[in-house]
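Breakdown of the fold
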Amino acid sequence: MKRPSRRSHISAAVVLLSVGVGICLPVSSWRGVESSERVNAQPAAGGERSAEFKGNVKCFDCHEKPSSRRRTEFSFLTEAQFFRDQEKVEKEELKRIEPLATVSKLSLLDKHAEAYKVLGETELGKQMQEKLKIADYDKAKQCLSCHSNWLQNPRKDGTFHSLPNNFKDGVSCEACHGPSSLWEDPHADAEFRKLLPKTKQDKWKLVDVRNPIHRAEQCYSCHIGNVEQGKVVTHKMYAAGHPPLPGIELETFASAMPPHWRNIREKGHFQFRKEFIEANYGPDWNEAKIAKELPRTKSVLVGTVIAQREAVRLLWHMAEKKGPQHLNYRWPDLAAFDCAACHHDLRTSSWRQQRKAEPYALGRPALKAWPDALIFAVIQHLAKGNPALAERGRKKYASLIDELNIAAMKKPFGSADDIRDASDPLVKWLTAIANKVSSRACTNENAIRILKELCKTEDAFYPDFESARQIAWAIQVIYAEVDAGYPEFTPRKLPPSEKTDDDDVKVFQEWRDGNRKTAVDNAAKTLGIQEPGLVAMLALELRTGQQYLVEKELRRTLTAASKYHPDKFKKQLMLIHKKLER
Amino acid sequence: MHHSCDLPLSDTIDVEGTKMGHLQRPTVIFAGIAALAWIPFARSQQKSLPKAPATTPVESIAPPIAEADRDLLFDHRLGYVKYLGHLSCAATACHGRTTDLTFNSFADGIRNNEHSIWSDGPHARSLDTLSTDDSKRMLRRLGATDTKGAIDRTGAHYRNCLACHAVHTNGLSVLTGVDPDDTPARPQPRYESVNCEACHGPADAWRAKHFLVDWPKFGDDTRVLRHWQAHKMIRTKNLLVRARLCASCHVGGPDREVNHDLIAAGHPRLNFELAWYHAKYRTQGFSAHWNEVRERRRVPHFEARLWIAGQLASTEASLQLLRARLARVATKRNMSPWPEFAEYNCSACHHGLASPSWRQQRHALGAIPWGTWYHTFGMLQTPGSEQSAQNPLEHFGVALSSLRDVMQKSVQPDPAKTLPLVDEALTRLRAWSESEDVVRWLSVDSSSRIPANRQASKLPSWLLTATARFTRTASNKDVQLASQIDNWDAVAQAFLYASAMDLSQRDEKAKTGLTTNADGNSVREYLQRLSRRLDSRQSNGGRLGLLGIDFHGAVDKYPVSADLLRVLDHLQPREQRQP
């Protein structure tokens with residue numbers, strides 16, 4: 001959250017209270033639902049039914065394999081294929097003759113499907129149970145809150161819904177899309193597309209993951225943490241062996257799931273497309289506007305703002321309240337701070353000491369820096385190239401984040417009261433910014449401006465490893481989208497005689513490895529960040545597939561973090577900047 | 001700071017002075033407190049010693065721990081003391097002889113070259129260190145700058161630097177803790193590096209007298225002590241006085257500290273151990289200005305005494321420092337950081353995150369171990385409960401353990417609850433330091449002649465019992481204790497202990513004409529292997545960070561190795577050794 005370089009030239013004296021980018025906002029966007037409000041939204045007393053988890057079985061009926069009855073323009077209907085356990089798939093597939101198909105299919109299996117399994121079946125899982133004295137992890141809310149479908153929507157009294165039948169499926173459909181008892185029937189109807197997402201949310205508890213704000217909230221509730229939902233990795237859990245949560249870049253991480261969805265530019269024509277666009281983007285949106293829209297870039301921008309907001313909210317809540325009983329943390333819980341603030345190499349004259357930090361921050365556990373890394377690019381985007389507006393936005397943000405940094409670092413672990421006072425306005429401002437970015441068009445012109453902003457390397461700019469990853473991932477995604485655009489995707493049509501069971505997966509794979517992956521790979525080549533450049537320096541590649549378990553990948557990341565130096569990173573950024581100029 | 005374990009095992013006593021016969025020009029830049037360079041082990045040279053003439057038995061020369069000396073060091077009531085500066089000692093006829101910087105000519109007395117040797121040594125540069133680019137950067141990071149951005153050399157930060165790095169020659173000593181600005185005379189400040197007077201006391205009263213024939217020499221009776229105290233001369237020959245003197249800077253004290261802010265700004269961590277720091281004079285290319293050969297020859301088990309004096313003084317200084325920190329937080333006079341991370345084991349936080357890791361096998365999850373460097377020895381003296389404590393040392397161990405529990409229970413210990421525990425620990429430490437055992441063993445004037453008789457040449461049983469716990473702990477026989485020796489700090493302390501004891505035993509054997517047997521030589525091998533292992537730069541081609549912490553996780557682990565166990569076992573009396 002700290003970027004002293006850019007802050008340093010912004011005098012704290014000027015606190016613009018009522019001007020600045022964040023303030024001239026649409027008063028209330030129709031999409032602007034604050035997280036706390038949404039999460040706490042409860043069925044009205046009486047009348048409305050409460051949503052319950054139903055499990056995957058129903059989902060799998062339709063989403064595992066398209067049939068002749070169902071059309072696949074809107075969704076591939078192969079989504080459920082990826083939410084299966086590798087072991088089971090292997091067992092099934094070994095009986096068959098095509099090992100190649102198995103291999104390709106395995107590489108598509110989503111790690112989320114293993115979320116539950118790792119609790120009990122890995123060495124690390126067993127070690128953590130022993131260290132944390134967990135007798136039965138099927139009852140351990142602090143684990144299951146993130147590692148299964150559980151605990152998505154706490155009831156008003158703070159208790160949680162009972163364990164769904166399919167909790168052993170790990171993080172599957174309902175973990176992100178919401179408990180399905182109310183929406184499983186209506187959503188299968190094409191007419192459903194015409195409805196406002198807010199209606200779907202309020203009436204049927206279907207989470208609007210098409211909206212980057214809500215998508216980000218869904219991902220970050222586990223990947224950053226959320227006290228209200230009972231999802232926090234405490235320092236004790238880390239000490240017992242839980243792998244550190246890396247800084248998350250929404251679009252990059254989503255691409256590594258792999259994505260089982262297509263964004264609006266990737267989808268072809270489907271029934272009620274016009275109505276769908278209007279419902280999801282706003283009444284003033286049409287095909288012409290969509291044709292210029294960059295949904296992935298927007299996702300990066302919204303994602304980073306929400307990441308910062310959720311990180312601040314987590315800090316605030318951990319400092320202020322106890323949270324659900326199962327979390328059992330005591331302030332100061334070290335997990336609320338940046339891991340690398342303490343867990344770093346000790347060298348004299350290290351780059352850490354070269355950073356221009358405020359004297360009060362010296363030797364203090366610092367707040368996480370990575371959610372801060374892209375905020376200035378977002379401000380630049382909103383200012384639309386108007387330097388004065390950008391400067392105002394920067395000053396506003398700098399004053400808010402300064403307050404929080406002082407509150408959290410003036411003395412070791414800060415003061416809970418000060419953290420609350422500083423968090424509140426910051427969270428509000430970030431929510432407003434996220435709504436603004438989300439409701440506005442994001443075009444090529446915007447994207448290029450953002451890229452240039454991201455490549456800026458000031459002398460006093462010393463991004464840490466995780467911040468550098470954020471910047472590099474953002475550049476990669478945005479450049480790929482600008483560079484490749486959205487050529488129409490036409491899957492190979494095989495004559496029915498040659499069709500096999502794997503063809504549906506192949507169609508997906510073709511799409512994924514075709515447009516998306518090629519675009520990113522080409523972008524990496526064009527920018528010169530492929531191996532052994534930035535990709536190796538920052539361990540940028542996130543490998544898809546259940547064979548790449550997190551704790552195994554961790555070593556690769558830690559090695560990169562250990563060798564990391566901001567000067568090397570800045571050198572690469574300068575090279576990219578030169579290429580962009582051309 | 002580099003944990004370079006250039007240890008006291010490097011040579012035994014060398015009476016002829018052949019090893020010290022040449023003073024190497026120091027190649028080491030003294031950076032703050034730490035000598036930063038690794039100097040390989042000097043080759044061992046074994047010489048047999050002539051038997052020292054029999055004089056008074058060791059018991060009779062032992063005065064009580066001199067209150068007078070303690071007052072001179074730590075009491076703030078001294079009032080105005082005039083410091084004269086190092087040049088007042090530097091006359092060629094006095095201590096400034098430069099023609100022969102060896103032991104040879106004056107092996108048994110004053111050598112006249114002390115000032116010259118000092119001026120080539122590390123302490124003479126302590127003030128210059130504050131003007132290096134590194135120091136300037138540190139001060140900037142600390143915010144010790146004025147409105148124009150220049151280093152502010154009058155503020156609290158810089159005064160904290162001066163407290164150790166300088167002596168305020170024209171006014172009151174920084175050593176006494178009184179703000180020079182408060183003195184009525186207000187002389188122009190003139191600072192010198194840690195000079196003669198920094199350790200020997202302000203020379204105004206004794207400069208013109210201390211060389212006279214009737215100046216009472218080193219001594220045992222109250223009259224001598226009073227005389228020295230009256231003249232404000234510090235009895236550096238008394239091992240405990242010396243230990244406390246060194247610890248006042250190398251560990252810190254109420255008016256001076258290296259806290260975590262300072263370390264984050266770039267100051268090396270302080271890792272003081274008296275016997276090791278003495279050994280640095282033998283291994284790092286600069287010479288001691290006092291006759292350390294004579295010390296080792298005259299005082300039986302000199303190294304062992306030095307080690308225990310160092311443990312006592314370091315523990316005492318670090319507890320007093322903790323007390324001052326807590327008191328500052330309690331009064332809220334300034335923004336003293338609390339919790340103070342410098343109190344804890346560096347590698348508790350600064351470690352790699354690779355999993356699986358040996359750290360995860362320990363008991364307390366996510367807690368920060370406290371007191372692993374300065375209290376390793378004290379912590380080992382825990383008998384389990386207050387009831388089973390049998391002597392003052394064990395009573396102290398119990399108090400120290402209670403303090404540790406509070407310091408570790410939360411990452412933010414409550415100052416109000418912690419302070420009384422520190423006081424209790426200090427009280428018991430004092431009781432131990434004034435107990436007969438310690439007085440007899442430590443209040444040794446290293447210039448006195450002590451007979452090499454049977455009695456004096458044996459390590460006292462209380463010391464053997466106390467230190468045997470290293471072995472017991474290291475061999476995991478006591479699970480509760482074992483967790484205290486599973487980190488670099490504790491293993492390094494155990495190693496330094498082993499080295500001091502080994503050298504001590506060697507010296508005694510040499511004095512009685514015994515040659516070291518093959519068993520002893522293998523101990524040296526183990527020690528050298530351990531030393532290489534504990535030195536981070538040795539174990540990974542000099543590439544690693546200061547604590548040997550690397551995110552690759554390769555050397556993040558300092559297990560109690562078989563080598564250490566063998567050494568510790570060897571130091572036990574024969575009948576207690578492992579079969």
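Residues numbered from 1 in each chain as written. Chains lettered and ligands numbered in written order. Predicted model: local features only at pLDDT ≥ 70, side-chain atom pairs only at ≥ 80, totals over all residues. Heavy atoms only, no water.

Some words on the overall build of chain B
Counting its regular elements, chain B contains 23 helices and 4 strands. Sequence-distant contacts in chain B: of pairs separated by 6 or more residues, those separated by 24 or more amount to 76%. Accessible surface computed for chain B: about 23,200 Å², of which carbon and sulfur atoms make up 53%. (Helix = DSSP H or I, 4+ residues; strand = E, 2+ residues; numbered from the N terminus. Contact = heavy atoms within 4.5 Å. Areas by Shrake-Rupley, 256 points an atom, 1.4 Å probe, with all protein chains shown as cover.)

Observations regarding the overall build of chain A
Per the secondary structure count, chain A includes 27 helices and 0 strands. Here chain A holds 582 residues, and the buried ones make up 58% of them. Within chain A, residue pairs in contact and separated by at least 24 positions form 78% of the contacts whose partners lie at least 6 positions apart. A total of about 24,800 Å² of accessible surface is found on chain A, and carbon and sulfur atoms cover 54% of it. (Buried < 20%, exposed > 50% of the residue type's maximum accessible area, 1.4 Å probe, protein only.)

Comments concerning a positive patch on the surface
There is a patch of like positive charges on the surface, built from K322(A), R330(A), K409(B) and K417(B). Looking at the element boundaries, K417(B) is found in helix α16 (residues 415–433). Judged by relative accessible area, which is 58%, K417(B) ranks as exposed. (Patch = residues over 30% accessible without salt bridge, like charges linked within 9 Å, V, L, I, M, F, W, Y side chains within 5 Å. Salt bridge = Lys/Arg side-chain N within 4 Å of Asp/Glu carboxyl O. Lys, Arg positive; Asp, Glu negative; His and termini not counted. Charge placed at Lys NZ, Arg CZ, Asp CG, Glu CD.)

Focus: helix α15 (residues 392–409) of chain B
Given a rise of 1.5 Å per residue, 18 residues ought to cover 26 Å, and the 26 Å separating the end C-alpha atoms of α15(B) matches this to within 8%. What α15(B) keeps buried is the set L393(B), E394(B), F396(B), G397(B), V398(B), A399(B), L400(B), S401(B), L403(B), R404(B) and M407(B). (Expected span 1.5 Å × (residues − 1).)

Remarks on empty space enclosed by the protein
The full count for this structure, using the stated rule, is 16 cavities of 30 Å³ or more. Taken as a whole, the second largest cavity encloses approximately 530 Å³ of empty space. Lining the second largest cavity are 34 residues, with H235(A), A239(A), H343(A), H351(B) and L353(B) positioned closest to its centre. Listed by contribution, the elements that provide at least two residues to the lining of the second largest cavity are α12 (235–240) and α17 (339–342) of chain A together with α13 (346–349) of chain B. Each residue belonging to the lining of the second largest cavity can be placed in one class, and the counts come to 21 nonpolar, 10 polar and 3 charged. (1 Å grid on protein atoms, 1.4 Å probe; cavity = no way out; pocket = protein on both sides within 12 Å on 5 of 7 lines; lining within 4 Å. Points joined across faces, edges and corners; volume = space filled by probe spheres on them. Nonpolar A, V, L, I, M, F, W, Y, C, P; charged D, E, K, R; others polar.)

Remarks on the packing of aromatic side chains
Tallied over the full model, the rule gives 24 aromatic pairs over all chains. The ring of Y277(B) has K280(B) sitting right over it, with the charged end atom 4.8 Å from the ring centre. (Phe/Tyr/Trp six-rings, centres within 6.5 Å; stacked < 30°, edge-to-face > 60°. Lys NZ or Arg CZ within 6 Å of the ring centre and 35° of its normal.)

What to know about unusual backbone geometry
All names here are of chain A. The omega torsion across W331 and P332 is 0°, close enough to zero to call that bond cis. Unusually for a residue other than glycine, F272 sits at a positive phi of about 65°. With respect to the helices, strands and loops of the structure, F272 is situated in the loop between α13 (250–255) and α14 (273–281).

A look at the side chain of S318(B)
Residues and elements named next belong to chain B. Within the fold, S318 resides in helix α12 (residues 302–331). Residue classification places S318 among the buried residues on the basis of a relative accessible area of 8%. Those residues in contact with S318 that lie beyond four places of it in its chain are V251, E343, Y374 and H375.

Details of the confidence of the model for chain A
Residue and element names in this part refer to chain A. Looking at chain A as a whole, its pLDDT mean stands at 82, while 81% of the residues score no less than 70. Across chain A, the element-wise mean pLDDT spans from 37 in helix α2 (residues 35–40) up to 96 in helix α16 (residues 295–320). Low confidence marks residues 1–47, where pLDDT is under 50. Its contacts with residues over four positions away, or in another chain, come to 109 contacts. (pLDDT = per-residue confidence, 0-100.)

Some remarks on the packing of α16(A) against helix α23 (residues 465–484) of chain A
Residue and element names in this part refer to chain A. Between α16 and α23, the shortest axis-to-axis distance is 8 Å and the interhelical angle comes to 155°. Looking at the two axes, α16 sits roughly antiparallel to α23. Like other packed secondary-structure pairs, α16 and α23 cross with a definite hand, here left-handed. Contacts from P295, R296, T297 and V300 of α16 reach α23 at A474, V477, I478 and E481. Here the contact of α16 with α23 is composed, by residue class, of 5 nonpolar, 1 polar and 2 charged. (Axes fitted to C-alpha atoms, helices over the stretch in contact; angles between N-to-C directions. Parallel < 35°, antiparallel > 145°, perpendicular 65-115°, else oblique. Left-handed = near helix turned anticlockwise from the far one by under 90°.)

Let's talk about the interface of chain A and chain B
In this complex, chain A contributes 39 residues to the contact, which on the side of chain B involves 40 residues. Both faces combined, the contact of chain A with chain B buries some 3,600 Å², and carbon together with sulfur accounts for 60% of it. Residue D261(B) pairs with R364(A) through a salt bridge whose shortest N-O separation is 2.6 Å. At the junction of chain A with chain B, the criterion picks out 6 residue pairs in polar contact (both at pLDDT 80 or more). Where the side of chain A that touches chain B is concerned, the elements lending two or more residues are α7 (123–131), α12, α17 and α26 (550–563) of chain A. Taken together, the residues that form the side of chain A that touches chain B break down as 18 nonpolar, 11 polar and 10 charged. (Buried area = accessible area lost by both parts, 1.4 Å probe. Polar contact = N/O pair within 3.5 Å; in protein donor to acceptor, adjacent residues only side chain to side chain.)

Brief notes about the confidence of the model for chain B
All names here are of chain B. Residues with a pLDDT of 70 or more make up 65% of chain B, whose mean pLDDT is 71. For residues 170–187, every residue scores under 50 in pLDDT, and the model assigns this stretch 40 contacts once sequence neighbours within four places are set aside. Note on residues 537–560: pLDDT is under 50 here. Beyond four places in sequence and across chains, it has 73 contacts. Scored as a complex, the prediction yields pTM 0.83 and ipTM 0.82.

Observations regarding the pattern of salt bridges
Residue and element names in this part refer to chain A. Inspection of the entire model under this criterion finds 40 salt bridges over all chains. Between E453 and R394 there is a salt bridge, with the nearest N and O atoms lying 2.7 Å from each other. On the criterion of sequence distance, the pair formed by E453 in helix α22 (residues 444–454) and R394 in helix α20 (residues 387–409) is long-range, its members being 59 residues apart. Comparing E453 with R394 shows no difference in burial state: the two are buried.

Examining helix α19 (residues 375–383) of chain A
Residue and element names in this part refer to chain A. Within α19, 9 of the 9 residues are buried, leaving the element largely enclosed by the surrounding structure. Among the residues of α19, those classed as buried are I375, F376, A377, V378, I379, Q380, H381, L382 and A383. Remark: K384 follows α19 within two positions and exhibits a positive phi of approximately 50°.

A word on the environment of P179(A)
One can find P179(A) in the loop between α9 (173–177) and α10 (197–204). As for P179(A) and K205(A), which are separated by 26 residues in sequence, their C-alpha atoms are 6.9 Å apart.

Re the packing of α23(A) against helix α27 (residues 566–581) of chain A
Pairs of packed helices are described in terms of their axes, by the angle between the two and the distance that separates them. Residue and element names in this part refer to chain A. As a packed pair, α23 and α27 sit with axes 11 Å apart at the nearest point and diverge in direction by 20°. One element, α23, and the other, α27, form an angle in the roughly parallel class. Considering how the two elements wind past one another, α23 and α27 form a crossing that is left-handed. Where α23 approaches α27, its residues A468, I471, A472, I475 and Y479 are matched on the opposing element by F569, L573, I576 and L580.

Brief notes about the environment of K322(A)
Residue and element names in this part refer to chain A. When you line up the elements, K322 lands in the loop between α16 and α17. Residue classification places K322 among the exposed residues on the basis of a relative accessible area of 53%. Non-local contacts of K322, meaning those with residues more than four positions away in its chain, are made with Y329 and R330.

Thoughts on the state of the cysteines
Residues and elements named next belong to chain A. Within the structure shown, the criterion is met by 0 disulfides over all chains. Free cysteine C455: the closest other cysteine sulfur is in C442, separated by 16 Å. Judged by its relative accessible area of 2%, C455 falls in the buried class. (Disulfide = S-S within 2.5 Å.)

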